[in-house]
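# Coordinates in review
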Amino acid sequence: MSLPETTSEAVSALVTSLTSTMLSSTTSEETTTLPYEQKPIFLQTPAAQGIAGAFTWAALLITCHQIYLHLRHYNRASEQKWIIRLLFIVPIYAFDSWLSLLFFTNDQLYVYFDSLRDIYEAFVIYSFLSLCYEYLGGEGAIMSEIRGKPIESSCLYCTCCLSGKVYTIGFLRFCKQATLQFCLVKPTMAILTVILQIFGHYHDGDFRADGGYLYIIIFNNFSITLALYALFLFYQATRDLLRPFDPIIKFSTVKSVIFLTFWQGVLLAVLEHARAFSPLYSEGGRQTAGAGTVAAGYQNFLICIEMFFASIALRFAFPHRVYLSTPSCGDQQMPGGRVVTMQSISKSLKDSINPRDIMQDAIHNFHPQYQQYTQQRTTMAPEDEEKPKPPTPVTKINFNEKAMLLSDDE
């Protein structure tokens, strides 16, 4: 073998070795910059789950105790059943969000949890409006107070287009229909979200026209805005009548829980669209959670904390003390309230969560012959008629007067 050939082979081997070393170094550098070599984010830490869990269970204890007190002193079922339905928003929101946070790394499971939460959200606004109706004695009693009065025209209250209009039974019907439509639209959108998720056409924060998220947001936004606007119009019309019932804290608390959590989710979705959140990857390079899932995780974390403060606000907004002085219609009574058993509490709970009255009210309000209908309180026993009731500024009128009043507005 000649010397030149030996030298050529040595040089070739040296070049091959250097090339392999450079490629190995480049590959190593690229590997360290791959997205799956990232540190766990805050939501994946035990601290985040511990903080969310502490606020969640504190909110559950506060609200469940308040619900128990209302069930124990279930003396005005026509009002307290709506209050209990409103209070249930805290356990449902908090526990649902906490479960979603525990299964945070699952890229799809949180959608199913959030859909259950969204379905109940639809009934909260309607429950609050119905509670206000009960406070004031029903539609007939309300119309006897506001019928014929001019609607205040104000750009601030978005009533400038109603200048020259007066309150009629059609106004009350609009308020009911606007809240009832939310009870239909929100569950429908929740079910549609689950279906689109299954077929891969729904991703949080994906505003593309060929995805379902954009259209779900549009429908939900329009529906909740209409429902809250109707609730606000009703409050504006009856705020003087509702003053003895401290409506400000009640209205503000309910509106904040629904409206602020909704727009909080939209804001986080916008931030996700602006690439403020990054997807998560496993050690093997597989994506375990998209950016939309991360944004939804922060939404659930914030809701867990917010529900603690909501439980405190609701405790002051709907105290059980106002029902302590009302004597019970049961066989056993005691000073300051009735003697209750677990069976009676269970019966009261079933009555408060029975949705039959909601379905009946929906049928009546969307029926073509609505003018012949007036919402009545549950039929009371003769001994109940003699029970003392809290003072109310609403004029008392009988059934015939109510029916005539509602029919005259046709």
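Everything that follows concerns the structure shown earlier in this document.
The present account deals with the structure reproduced in this document. (Residues numbered from 1 in each chain as written. Predicted model: local features only at pLDDT ≥ 70, side-chain atom pairs only at ≥ 80, totals over all residues. Heavy atoms only, no water.)

## Structural notes on the overall build of the protein chain
- Tallying secondary structure elements over the protein chain gives 14 helices and 4 strands in all.
- Of all 410 residues assigned to the protein chain, the portion counted as buried reaches 45%.
- Restricting to contacts in the protein chain with at least 6 residues of sequence separation, those with at least 24 account for 79%.
- Accessible area of the protein chain: about 21,500 Å², with a carbon and sulfur share of 64%. (Helix = DSSP H or I, 4+ residues; strand = E, 2+ residues; numbered from the N terminus. Buried < 20%, exposed > 50% of the residue type's maximum accessible area, 1.4 Å probe, protein only. Contact = heavy atoms within 4.5 Å. Areas by Shrake-Rupley, 256 points an atom, 1.4 Å probe, with all protein chains shown as cover.)

## Details of unusual backbone geometry
- Phi is positive for Asp246, close to 50°, though the residue is something other than glycine.
- Position of Asp246 relative to the elements: it lies in the loop between helix H8 (213–242) and helix H9 (247–273).
- Phi is positive for Arg275, which is not a glycine, with a value near 65°.
- Residue position: Arg275 is located in the loop between H9 and strand S1 (280–281).

## Considering the side chain of Asp96
- Here Asp96 is to be found in helix H4 (residues 89–102).
- Buried and without a salt bridge, Asp96 has Arg117 as its closest oppositely charged side chain, separated by 4.1 Å. (Lys, Arg positive; Asp, Glu negative; His and termini not counted. Salt bridge = Lys/Arg side-chain N within 4 Å of Asp/Glu carboxyl O.)

## Focus on the nonpolar core
- Grouped together as the largest cluster of nonpolar side chains are 72 residues, with contacts concentrated most on Ile89, Leu172, Phe234, Met307 and Phe318.
- The greatest single-element share of this core, amounting to 14 residues, is contributed by H8.
- When residues no more than four places from it in sequence are discounted, the contact partners of Phe234 are Leu129, Cys132, Tyr133, Leu136, Ile142, Phe171, Leu172, Cys175 and Leu242.
- Leu43, Phe277, Ala291 and Cys304 belong to the second-largest nonpolar core, a separate cluster that totals 17 residues. (Core = buried A, V, L, I, M, F, W, Y, C linked by side-chain atoms within 4.5 Å.)

## Looking at the packing of aromatic side chains
- The tally for this structure, following the rule as stated, stands at 18 aromatic pairs.
- Plain terms: the ring middles of Phe55 and Phe309 are 6.4 Å apart, the flat faces sit at 35° to each other, and that makes the pair tilted. One end of the pair, Phe55, is in helix H2 (residues 46–72); the other, Phe309, is in helix H10 (residues 291–317), with 254 residues separating them in the sequence.
- Residue classification places Phe55 among the partly exposed positions, given a relative accessible area of 25%.
- Relative to Trp98, the ring of Phe95 lies with its centre 6.1 Å away and its plane at 50°, an arrangement referred to as tilted. (Phe/Tyr/Trp six-rings, centres within 6.5 Å; stacked < 30°, edge-to-face > 60°.)

## Considering helix H6 (residues 139–146)
- With respect to burial, H6 is a largely interior element, 7 of its 8 residues being buried.
- Of all the positions in H6, only Glu139, Gly140, Ala141, Ile142, Met143, Glu145 and Ile146 are classed as buried.

## With respect to H2
- Here H2 contains 27 residues, and its C-alpha end-to-end distance of 38 Å stays within 8% of the 39 Å for a straight helix at 1.5 Å per residue.
- For H2, the full list of buried residues reads Ala48, Ala52, Gly53, Thr56, Ala59, Leu60, Thr63, Gln66, Ile67, Leu69, His70 and Leu71. (Expected span 1.5 Å × (residues − 1).)

## What about a nonpolar patch on the surface?
- Taken together, Ile191, Leu192, Ile195, Ile198 and Phe199 make up a surface patch of nonpolar side chains, about 500 Å² in accessible area.
- Here Ile191 is to be found in helix H7 (residues 169–198). (Patch = residues over 30% accessible without salt bridge, like charges linked within 9 Å, V, L, I, M, F, W, Y side chains within 5 Å.)

## Re the packing of helix H5 (residues 109–136) against H9
- For the pair H5 and H9, the least separation of the axes is 10 Å and the interaxial angle reads 170°. Regarding the angle of H5 to H9, the classification is roughly antiparallel. From H5, Glu121, Val124, Ile125, Phe128 and Tyr135 reach across to H9, where they touch Lys250, Phe251, Val254 and Ile258.
- Grouping the constituent residues of the contact of H5 with H9 by class yields 7 nonpolar, no polar and 2 charged. (Axes fitted to C-alpha atoms, helices over the stretch in contact; angles between N-to-C directions. Parallel < 35°, antiparallel > 145°, perpendicular 65-115°, else oblique. Nonpolar A, V, L, I, M, F, W, Y, C, P; charged D, E, K, R; others polar.)

## Observations regarding the environment of Phe55
- Separated by 250 residues in sequence, Phe55 and Ile305 place their C-alpha atoms 5.4 Å apart.
- Residues within four places of Phe55 in sequence aside, it is in contact with Cys304, Ile305, Phe308 and Phe309.

## Let's talk about the packing of H4 against H10
- Taken N-terminus to C-terminus, the directions of H4 and H10 make an angle of 155°; their axes are 8 Å apart at the nearest point. Classed by the angle they form, the pair H4 and H10 counts as roughly antiparallel. H4 and H10 meet at a crossing whose hand is left-handed. Seen from H4, the contacting residues are Ile89, Val90, Tyr93, Ala94, Ser97, Trp98, Ser100 and Leu101; seen from H10, they are Gly297, Asn300, Phe301, Ile303, Cys304, Met307, Ala310, Ser311 and Leu314.
- Among the residues forming the contact of H4 with H10, the class breakdown is 12 nonpolar, 5 polar and no charged. (Left-handed = near helix turned anticlockwise from the far one by under 90°.)

## Some details on the side chain of Gln80
- Within the element layout of this structure, Gln80 appears in helix H3 (residues 77–87).
- According to the relative accessible area criterion, Gln80 is buried, its value standing at 0%.
- Looking at Gln80, its side chain comes within polar contact range of the main-chain oxygen of His73, at 2.9 Å. (Polar contact = N/O pair within 3.5 Å; in protein donor to acceptor, adjacent residues only side chain to side chain.)

## Points about the environment of Leu241
- Position of Leu241 relative to the elements: it lies in helix H8.
- Leu241 sits in the buried class, given a relative accessible area of 11%.
- Along the primary structure Leu241 and Cys132 are separated by 109 residues, whereas in three dimensions their C-alpha atoms are 9.9 Å apart.

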